[in-house]
Amino acid sequence: MNEMIYRIAEIKDAMEIHSLMEQVYEQLDDQTLYVCDGLSFVQEHLSEKGFGLVVTFEEQLVGGLIVRFPQMEKDNLGLDIGLPESELCHVAHMESVVVHPDFRGRGIQSKLLQKAEEVLKKDQYQYLMATVAPKNAASIRSFENNGYQCVKTKEKYGGFLRRIYLKKFH
């Protein structure tokens, strides 16, 4: 019986992750639910500004997660919730999660979040944060089932309404 394989993404996975992001975005009835990152964003976060996780089934990429370390950048979600500047280096963004449409409903997003936390356990990150479209019930459920709490709702990414989720870690 074939099983899903979860692993840390490598830079060579960037093109395939980005391709899945584009595929998912193009198939959405409501494209305000998901902001598709560019290939260069994926590449730089796999190599230096964070890390990624992928899940494969029968050697096909069926899901991915980009974890970003925003540090002192102006879009650090910690700023949105009033964290002091001294804490911003302890924020990690669950930046972009994507699951192939044929594999939805199998808990992949939830499992990716859990795997990311396993990786982050050894680091200084105390605030795990994410944004979710208010109409994206599946993502809301995944984050809330994994202990994230909605702490604010505001416009992000050029005017898209988003819930900001926080999980205090450690």
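For the structure, check the block above.
Residues numbered from 1 in each chain as written. Predicted model: local features only at pLDDT ≥ 70, side-chain atom pairs only at ≥ 80, totals over all residues. Heavy atoms only, no water.

Participant: Which residues make up the overall build of the chain, and what are the values?
Facilitator: Counting its regular elements, the chain contains five helices and seven strands. Each helix (α) and strand (β) of the chain, taken in turn from the N terminus, gives the series β-α-α-β-β-α-β-α-β-α-β-β. Relative to the 2.2 N^0.38 estimate, which gives 15 Å for 170 residues, the radius of gyration of the chain is 15 Å and therefore close to what a compact globule would have. Summarising its shape, the C-alpha atoms of the chain cover approximately 50 × 35 × 30 Å along the three principal directions. (Helix = DSSP H or I, 4+ residues; strand = E, 2+ residues; numbered from the N terminus. Rg over C-alpha atoms; globule rule 2.2 N^0.38 Å.)

Participant: Residue-level account of the sheet that holds strand β7 (residues 160–168), with values.
Facilitator: For sheets, the rule is that strands pair by backbone hydrogen bonds, running either parallel or antiparallel. Taken together, the seven strands give an open sheet; going across it, the order is β1-β2-β3-β4-β5-β7-β6, and neighbouring strands pair in mixed fashion. Two strands in the sheet have a free side with no partner beyond their single neighbour: β1 (5–8) and β6 (149–156). In this sheet, adjacent strand axes meet at a mean angle of 25° when their direction is disregarded. Bridge count for strand β4 (residues 91–99) against strand β5 (residues 127–132) is three bridges, and the pairing is parallel. For Val-91, the partnering residue across the bridge sits in β5 and is Tyr-127. (Pairing = 2+ DSSP bridges. Axes fitted to C-alpha atoms, helices over the stretch in contact; angles between N-to-C directions.)

Participant: Describe the pattern of salt bridges, and please don't skip the residues or the numbers.
Facilitator: According to the stated counting rule, one finds eleven salt bridges in the structure shown. The residue Asp-13 makes a salt bridge to Arg-7 at a minimum N-O spacing of 2.8 Å. In this structure, the salt-bridge partner of Arg-68 is Asp-75, at a minimum N-O distance of 2.8 Å. Salt bridges sharing common partners tie together Glu-44, Lys-49, Arg-68, Glu-73, Asp-75 and Glu-95. (Salt bridge = Lys/Arg side-chain N within 4 Å of Asp/Glu carboxyl O.)

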